[in-house]
Amino acid sequence: MKKAILSFLLTFAVVGAWSATKPTKVYMYGFAASFNDSTVCFTDIQEVDSAYLDTKTKFLYSRDNYSYQLKEYLQGQGFKTPTCITVFATDRKKVEKQLAKMRKKYSNGKFIVKDIKAPDFTYEAIKNEE
């Protein structure tokens, strides 16, 4: 009986790992700010064809690494201490709405807003290592 239960659990774990993520087209943009000054940066909305989403939670696989891509780019441009986030959705209109809301929040005259255009910075898709 113990072997049967163990076998079932192992099979379930393997099948669960295979279905955990799937490649999907997503739209994303990045935002960076520094606690040392009033500069904020926005990237263009970018389409990433083979990003991986968790099939259950719809969360972007390795989202922190997308933010690190932006952080490394900005540090290479002289932005000393950026704190970066990556916002994504599978629907472009949803991301456009989120970006517009965020831009409005930071376009109040208290911040220096810089745009990062797509030719200068593009996200690289992160492959699922599972």
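Residues numbered from 1 in each chain as written. Predicted model: local features only at pLDDT ≥ 70, side-chain atom pairs only at ≥ 80, totals over all residues. Heavy atoms only, no water.

1. Considerations on the confidence of the model for the chain
Step number 1: On average, residues of the chain score 86 in pLDDT, and 84% of them reach the 70 mark or higher.
Step number 2: Across residues 8-19, where pLDDT falls below 50, the model places two contacts with residues more than four positions away in sequence or in other chains. (pLDDT = per-residue confidence, 0-100. Contact = heavy atoms within 4.5 Å.)

2. Considerations on unusual backbone geometry
Step number 1: The phi angle at K58 is positive, at roughly 65 degrees, despite the residue not being glycine.
Step number 2: Mapped onto the elements of the fold, K58 is located in the loop between β3 (46-54) and α2 (63-76). (Helix = DSSP H or I, 4+ residues; strand = E, 2+ residues; numbered from the N terminus.)

3. A look at helix α3 (residues 92-106)
Step number 1: When the terminal C-alpha atoms of α3 are compared, their 21 Å separation across 15 residues agrees well with the 21 Å that a helix rising 1.5 Å per residue should span.
Step number 2: When we look at burial in α3, the residues that qualify are V95, L99, M102 and Y106. When α3 is viewed along its axis, its buried side chains cluster within an angular range of 65 degrees and face the same direction. Exposed positions of α3 whose direction lies more than 90 degrees from the buried face are K93, K97, K101 and K104.
Step number 3: Packed against the buried residues of α3 are β1 (21-33), β2 (39-43), β4 (83-89) and β5 (112-116). (Expected span 1.5 Å × (residues − 1). Buried < 20%, exposed > 50% of the residue type's maximum accessible area, 1.4 Å probe, protein only. Arc of directions from axis to C-beta.)

4. Considerations on the packing of aromatic side chains
For any pair of aromatic rings, geometry is given as the distance between the ring centres together with the angle between the planes.
Step number 1: By the definition in use, this model includes eight aromatic pairs.
Step number 2: With a centroid separation of 6.5 Å and an interplanar angle of 65 degrees, the aromatic rings of F42 and Y106 are classed as edge-to-face. Placement of the pair is F42 in strand β2 and Y106 in helix α3, with a sequence separation of 64 residues.
Step number 3: Classification of Y106 as buried rests on a relative accessible area of 16%.
Step number 4: An aromatic cluster of three or more residues is present, and its members are F31, F42, Y106 and F111. (Phe/Tyr/Trp six-rings, centres within 6.5 Å; stacked < 30°, edge-to-face > 60°.)

5. Description of the pattern of salt bridges
Step number 1: Counted according to the given criterion, the structure contains four salt bridges.
Step number 2: Between E47 and K25 there is a salt bridge, and its shortest N-O distance comes to 3.8 Å. Highlighted residues: E47 in strand β3 and K25 in strand β1, separated in sequence by 22 residues.
Step number 3: Overall, the relative accessible area of 43% leaves E47 in the partly exposed class.
Step number 4: Looking at K25, the relative accessible area reads 39%, which means it is partly exposed. (Salt bridge = Lys/Arg side-chain N within 4 Å of Asp/Glu carboxyl O.)

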